[in-house]
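Understanding the architecture of this molecule
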Amino acid sequence: GKIRECVNETPIVVAFDVTRSRGKDAKYVYDKMPMLMGQVNMRAYVPGPAISFAAIGDATVDQAPLQVGQFEADNRLDAVLQNMWLEEGGGGTGQETYELAAYFYARHTKLESLSRGQKGYFFFIGDEGFYPKVSKDHVQRIIGDTLRADIDSKEIFRELQERFHVFFIYPHKTWEERKDDIDA
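To keep things clear, this report deals only with the structure shown in the data block.

What counts, and at which threshold
- Residues numbered from 1 in each chain as written.
- Predicted model: local features only at pLDDT ≥ 70, side-chain atom pairs only at ≥ 80, totals over all residues.
- Heavy atoms only, no water.
- Helix = DSSP H or I, 4+ residues; strand = E, 2+ residues; numbered from the N terminus.
- Contact = heavy atoms within 4.5 Å.
- Areas by Shrake-Rupley, 256 points an atom, 1.4 Å probe, with all protein chains shown as cover.
- Axes fitted to C-alpha atoms, helices over the stretch in contact; angles between N-to-C directions.
- Left-handed = near helix turned anticlockwise from the far one by under 90°.
- Nonpolar A, V, L, I, M, F, W, Y, C, P; charged D, E, K, R; others polar.
- Phe/Tyr/Trp six-rings, centres within 6.5 Å; stacked < 30°, edge-to-face > 60°.
- Buried < 20%, exposed > 50% of the residue type's maximum accessible area, 1.4 Å probe, protein only.
- Parallel < 35°, antiparallel > 145°, perpendicular 65-115°, else oblique.
- Pairing = 2+ DSSP bridges.

Of the regular secondary structure elements, the protein chain holds 8 helices and 11 strands. Relative to all contacts within the protein chain whose residues are 6 or more apart in sequence, the contacts with residues 24 or more apart total 78%. Here the protein chain displays about 9400 Å² of accessible surface, and carbon together with sulfur accounts for 51% of that area.

Interaxial distance between helix H4 (residues 98-107) and helix H6 (residues 136-143) falls to 11 Å at its minimum, and their mutual angle equals 60°. Helix-helix and strand crossings are classified by hand; for H4 and H6 the assignment is right-handed. Residues Leu100, Tyr103 and Phe104 of H4 form the contact with H6, whose own contacting residues are His138, Val139, Ile142 and Ile143. Here the residues of the contact of H4 with H6 sort into 6 nonpolar, 1 polar and no charged.

Let's shift gears to the environment of glutamate 72. Its location among the elements puts glutamate 72 in the loop between strand E4 (66-68) and helix H3 (76-82). Residues glutamate 72 and alanine 50, 22 residues apart in the sequence, show an inter-C-alpha distance of 5.0 Å. In contact with glutamate 72, other than residues within four places in its own chain, are Met37, Ala50, Ile51, Leu77 and Val80.

Applying the stated criterion to the full structure yields 12 aromatic pairs. Taking the centre distance of 4.5 Å and the plane angle of 40° together, the rings of phenylalanine 122 and phenylalanine 124 count as tilted. Look at phenylalanine 122 and you get buried, because its relative accessible area is 0%. Under the relative-accessibility criterion, phenylalanine 124 is labelled buried at 2%. Considering the side-chain rings of phenylalanine 130 and phenylalanine 157, the 4.8 Å spacing of their centres and the 55° angle between planes classify their relative orientation as tilted. Taken as a pair, phenylalanine 130 in strand E8 (residues 129-130) and phenylalanine 157 in helix H7 (residues 153-163) lie far apart in primary sequence, 27 residues in all. Phenylalanine 130 sits in the partly exposed class, given a relative accessible area of 38%. Put simply, the rings of Tyr98, Phe104, Tyr105, Phe122, Phe124, Phe130, Phe157, Phe164, Phe168 and Tyr170 touch in pairs and so form one group of aromatic residues.

Running from N to C, H4 and H7 point in directions that differ by 45°, and their axes come no closer than 8 Å. Here H4 is positioned oblique relative to H7, judged by the angle of their axes. The crossing of H4 and H7 is left-handed. Across from Tyr98, Glu99, Ala102, Tyr103, Tyr105, Ala106 and Arg107 in H4, the residues of H7 making contact are Ser153, Ile156, Phe157, Glu159, Leu160 and Arg163. Each residue belonging to the contact of H4 with H7 can be placed in one class, and the counts come to 8 nonpolar, 1 polar and 4 charged.

Next up on the list: the sheet that holds strand E3 (residues 49-56). Across the sheet, 5 strands lie side by side as E4-E3-E2-E7-E11; this open sheet has mixed pairing. Each edge of the open sheet carries a strand with a single partner, namely E4 and strand E11 (164-169). For this sheet, the mean inter-axis angle between neighbouring strands, taken without regard to orientation, is 15°. Bridge analysis of E3 against E4 gives 3 bridges, and the strand direction is antiparallel. Bridge pairing in E4 places alanine 55 opposite glutamine 67.

Here it is, written out as structure tokens:
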């Protein structure tokens with residue numbers, strides 16, 4: 001039942017996969033995130049940025065499959081990251097519940113930028129696919145919304161694209177490197 005609100009001019013979401021298949025990458029991204037706001041401001045990439053960090057796992061097996069921080073524009077981002085758990089779970093199916101994060105940000109954000117006709121920016125950082133449906137059971141258990149039926153993931157990503165310019169950053173690794181990370 002939570003809403004994440006952004007009154008800043010440019011909302012930015014960085015949603016990163018924290019499952020074991022990411023290996024050391026998730027920790028590396030986590031360690032570098034506090035510097036992101038400084039770089040965005042210093043290089044003036046966008047006006048008035050605020051960032052919301054999200055950690056994504058797999059709702060079929062993980063204890064904390066979706067962790068979502070408030071939009072922040074200052075050192076409170078550090079506190080958001082400190083409260084995120086790099087669970088390193090995942091289901092081993094080649095899919096994580098990225099669609100659940102898409103659902104949350106499509107339906108549980110209030111963005112001032114939309115009233116000015118401007119979308120935010122959404123960056124997924126992950127190494128798996130998403131599930132074909134947003135599970136109504138996952139939504140109920142994790143987010144608290146009651147849905148009549150599962151939602152096609154294509155539809156929820158379309159909704160997300162109405163609010164954000166959406167990008168997926170997919171670190172390139174060989175199967176052997178990924179298998180070694182999972183086996184570890």
